[in-house]
Amino acid sequence: MSQAPAAQEEFIEIFGAREHNLKNLDIKIPRNQLVVVTGLSGSGKSSLAFDTIYSEGQRRYLESFSAYARSFLGGMERPDVDKINGLSPVIAIEQKTTSKNPRSTVGTVTEIYDFMRLLYARAGEAYSYETGKKMIRQTEDQIIEQLFSKFSGKKLYILAPVVKGRKGHYRELFEQIRKMGFSKVRVDGVVMEMVPKMQVDRYKIHDIEIVIDRIVADEADRFRITQSLKSALQHGKGVMMIREESGEIHHFSKYLMDPETGLSYDEPAPNTFSFNSPYGACPTCNGLGITEEVTKESIIPDPKLSITRGGIAPLGEYRDIWIFKKIEAILKHYKCSMSTPIEKLPENVVDVLLYGDKVEVAVDSVKYPGTKWHTTFEGIVNFLQKYQEGSSEKIQDWVSEFTVTQTCPDCHGYRLKKEALHFKIAENHIGELAMMDIQTLGNWFDGIEEKLTEKQQIIAQEVLKEIRKRIGFLLDIGLNYLTLNRPIRTLSGGEAQRIRLATQIGTQLVGVLYILDEPSIGLHQRDNVKLIQALQSLRDLGNSVLVVEHDKDMMLASDYILDMGPGAGRHGGHVVASGTPKEILKQGGVTANYLKGKTGLPIPEERKKGKGESLILKGASGNNLKNVDLEIPLGTLTLITGVSGSGKSTLIHETLYPILRQHFYNSKKDPMPYQSFSGLEHLDKVIEVDQSPIGRTPRSNPATYTGVFSDIRTLFTELPEAKIRGYKPGRFSFNVKGGRCEDCEGAGMKLIEMDFLPDVHIPCETCKGKRYNRETLEVRFKGKSISDVLDMTVEQAVEFFHNQPKILRKIKTLNDVGLGYITLGQHATTLSGGEAQRVKLATELSKKDTGKTFYILDEPTTGLHFQDIAMLMTVLQKLVDKGNTVLIIEHNLDVIKVADYVVDLGPEGGNKGGNILVSGTPEDVANHPKSYTGKFLKLELNS
């Protein structure tokens, strides 16, 4: 029986889904609708959406390739599912796929910059970078007419430039010109007769022109003059010159040319405006807009020290090595000593040490005593710059400690070479447009036709339509504060995901299944509405949209909800409820109660006032911050809120955190500009808990990251069996030789490479996936081997180790932050950003705190169901109760309403943000008339 095409089916039907913790699910998901998959963390949402549906869609796509093509791509494993019907082509928009390439920007990803390059190449007007005048291009006929009108009756030389401002002896060129039949050339302004074996000084810069003809501009000679002009343009590659008897020079070109100086540009093409192409990139910074400079201040951080005591930071204190002997010889030459503080050395001597000197000095030989080596010194700066490129990663990291990132002095951060920055439309070059935020850029393009000539309007019509459409999509999803030249790697996961969403809406595909992973992350409630409208417009085009999400507004605006649960990990994997939002509300249950507002975090009866001490940061002015003063009361739960792009990350991650890190850990990263900071004496450490992975290899896992695995290994070595055999803790590590299975080197899996087929991971035959050899597994604690312990969930481990206080403390904190469902040995690469953040949080919580710790968390509610958020807040409140300070950047209203102190930035994003609107209790914020956070918080506090 033939299967109906996917497009005609009403449902995506899944039979027997068993991936990860899914319990043999049979589900029907309506097509061409906005469907939300929700549920507790670890309940199986991602396993269903990404590991089953997306995986199968991707596999089917690759299967359509030829066997030859698949051999290069590698194959896809079939997900653990019996059958999926009605599956369309699938596009996943995840958060982990952000590019780390500094050349990938908002403009290139959204294609807006590509269309702008086309616009400037075809409709841009060129200006000379020497005189600032508009450049002109002339046809042969125009040049001839100009010659007769301007120079009528005058004696003229017609010249064809062949060398412009270059070194060389040009013997071959002169010979070639002579053979072509020309008798005169003009070299550096002087007309000369051609002679055999003619050449010029090879080390000097020269200008050479062929004297094509000597004429009098007379109508009677029009034919001869026309032929000579054509010959000049041919030999000068489209450029020629006229020299009057008085010596005055006039330039003419078929291409873009400055009529005053003769400066000419190549014909513009889209790659002229590309910072990723050698034709357009600034040669100084290679199109990155920034340069890494080795500075005097980074090499000599403390000029009070002498060279012997380590005044030159890259060299350290004096040792009996060659470079110090060189420096000693140089100082002796200048009658100085190595024990003199650097600040007391003459300026010219310090310059020689930093930048080198051509003067040879005699250095005593270590190998041959009594002899001297005569050598020059290249200078510390030149030495470091030499190793900055092309060295090993370790050496580059070492050199980077002494470099400072600066805006490129040549292109001023615009990334393009100067020719590209002198093509303008409506008095702006492309670099200036790339620096505008999307809102300003949209306004610039809106009225642009009035400023264009008729010819430009005809050329630009279609391109402008495409640009405006794409800018509109970015504005629709609340990214009006970004600039086109912002590197993608500096965006948050949520921002990058929404940019990809805007790009997808722009492609206008139909009949596709889009799967999104929490697109509302990092989005203020105000912008949530725009995001929901964007998803609905994707659906209305004729696509199916499947969103893994916890946001209340998103659920209520959806067409259909799948609620996974009832618990996490092995307690999850079932569909608890499914239906339209109205049907879900009638069915009841955890999610329904949350949607109705029946359950949620209770508002505290009394908000903590703190210890009476504060951290005070004054005059922060990095990025878009408007000279703000921030006060954080210590011993409180403080929240930083505000719309996307209002300056939260700049204030906390790029100003406050680097100040604290420099104070406590001597960090090299400099904070953004600020005036003063006080209150450090009340703290003893700072801890930032972000969402970066806890490890990039499958060998990293929660047990190793939290350090509990070391304690477990120690416990196993204390067992009588281990003592009899003389086992040390290393015996129980799967990363070192000894106790691990050597066949799979402790991985538990083996990779079988298959030509023309997907690579296959199979359990190791020797250890059957247990990672250890037989002898190690014979040592058991309460009947469990070390491998059995790694396979336990955190929840099981809490019961198993209840009599081991040291181990229990670390495992219990994992359980307290809602990670009871993950196994101790789960591969780090399989953890989500939110899970990785909570593993880090648990690691910090398990350490003994002093009550003077400052914790910084960035959106810890990522990937959390409201029930998990309640657990997380309980844990964070315990930290605050002990006297610590917890600072959270967050948009979630449930969290904001339980805070002790809230700092709200705004009022808008980008240039219209950067102010602290209000600081105080959530009630103070709710009553502020200009605060968007306050507007939504008021509804939450009153509900």
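As a reminder, the structure under discussion sits directly above these lines.
Let me sum up the structure you'll find in this document. These numbers come from a predicted model, not from an experiment.

Description of unusual backbone geometry
The phi torsion of most residues other than glycine is negative, and most of the peptide bonds are trans. Cis peptide bonds are those with omega within 30 degrees of zero, and the linkage from Gly-565 to Pro-566 qualifies with -5°. Here Pro-566 lies in the loop between β23 (560-565) and β24 (574-579). The omega torsion of the bond from Gly-906 to Pro-907 falls at 0°, within 30 degrees of zero and hence cis. Relative to the assigned elements, Pro-907 resides in the loop between β34 (901-906) and β35 (915-920). Even without a glycine there, the phi angle at Glu-745 is positive, about 55°. Tracing the backbone through its elements, the reader meets Glu-745 in the loop between α24 (720-725) and β30 (749-752). With a relative accessible area of 45%, Glu-745 lands in the partly exposed category.

Considerations on the nonpolar core
In this structure, Ile-712, Phe-716, Phe-801, Ile-811, Met-873, Leu-876 and Val-886 are the most contacted members of the largest nonpolar core, which totals 72 residues. Element by element, the count of residues in this core is highest for helix α30 (residues 866-881), at 7 residues. The contact partners of Ile-712, leaving out residues within four places of it in the chain, are Ile-786, Val-789, Phe-801, Ile-807 and Leu-824. Counting residues in each nonpolar core, the second largest holds 69 residues, with Ile-112, Leu-421, Trp-444 and Leu-464 among its members.

Quick word on the layout of surface pockets
Quantified by volume, the second largest pocket comes out at close to 740 Å³. Every residue lining the second largest pocket is counted, 38 residues in all, and those nearest its centre are Lys-552, Tyr-594, Asn-892, Leu-893 and Asp-894. For the lining of the second largest pocket, the secondary structure elements donating two or more residues are α18 (552-557), α20 (590-596), α30, α31 (893-896) and α33 (932-942). A per-class count over the lining of the second largest pocket returns 12 nonpolar, 14 polar and 12 charged.

A word on the sheet that holds strand β28 (residues 676-678)
If you walk across this open sheet you meet the 3 strands as β26-β25-β28, and the pairing is antiparallel. Two strands close off the open sheet at either side, each with one partner strand: β26 (628-633) and β28. Taking the axes of each pair of neighbouring strands and ignoring which way they run, one obtains an average angle of 5° across the sheet.

A short note on the packing of aromatic side chains
According to the stated counting rule, one finds 18 aromatic pairs in the structure shown. Cluster of aromatic residues (ring-pair linked, three or more members): Phe-716, Tyr-727, Phe-732, Phe-781, Phe-800 and Phe-801. Here the basic side chain of Lys-28 rests over the ring of Phe-11, its NZ or CZ set 4.8 Å away from the ring centre. Note that Arg-526 overlies the ring of Tyr-932, its terminal NZ or CZ placed 4.5 Å from the centroid.

About the criteria used
Residues numbered from 1 in each chain as written. Predicted model: local features only at pLDDT ≥ 70, side-chain atom pairs only at ≥ 80, totals over all residues. Heavy atoms only, no water. Helix = DSSP H or I, 4+ residues; strand = E, 2+ residues; numbered from the N terminus. Buried < 20%, exposed > 50% of the residue type's maximum accessible area, 1.4 Å probe, protein only. Core = buried A, V, L, I, M, F, W, Y, C linked by side-chain atoms within 4.5 Å. Contact = heavy atoms within 4.5 Å. 1 Å grid on protein atoms, 1.4 Å probe; cavity = no way out; pocket = protein on both sides within 12 Å on 5 of 7 lines; lining within 4 Å. Points joined across faces, edges and corners; volume = space filled by probe spheres on them. Nonpolar A, V, L, I, M, F, W, Y, C, P; charged D, E, K, R; others polar. Pairing = 2+ DSSP bridges. Axes fitted to C-alpha atoms, helices over the stretch in contact; angles between N-to-C directions. Phe/Tyr/Trp six-rings, centres within 6.5 Å; stacked < 30°, edge-to-face > 60°. Lys NZ or Arg CZ within 6 Å of the ring centre and 35° of its normal.

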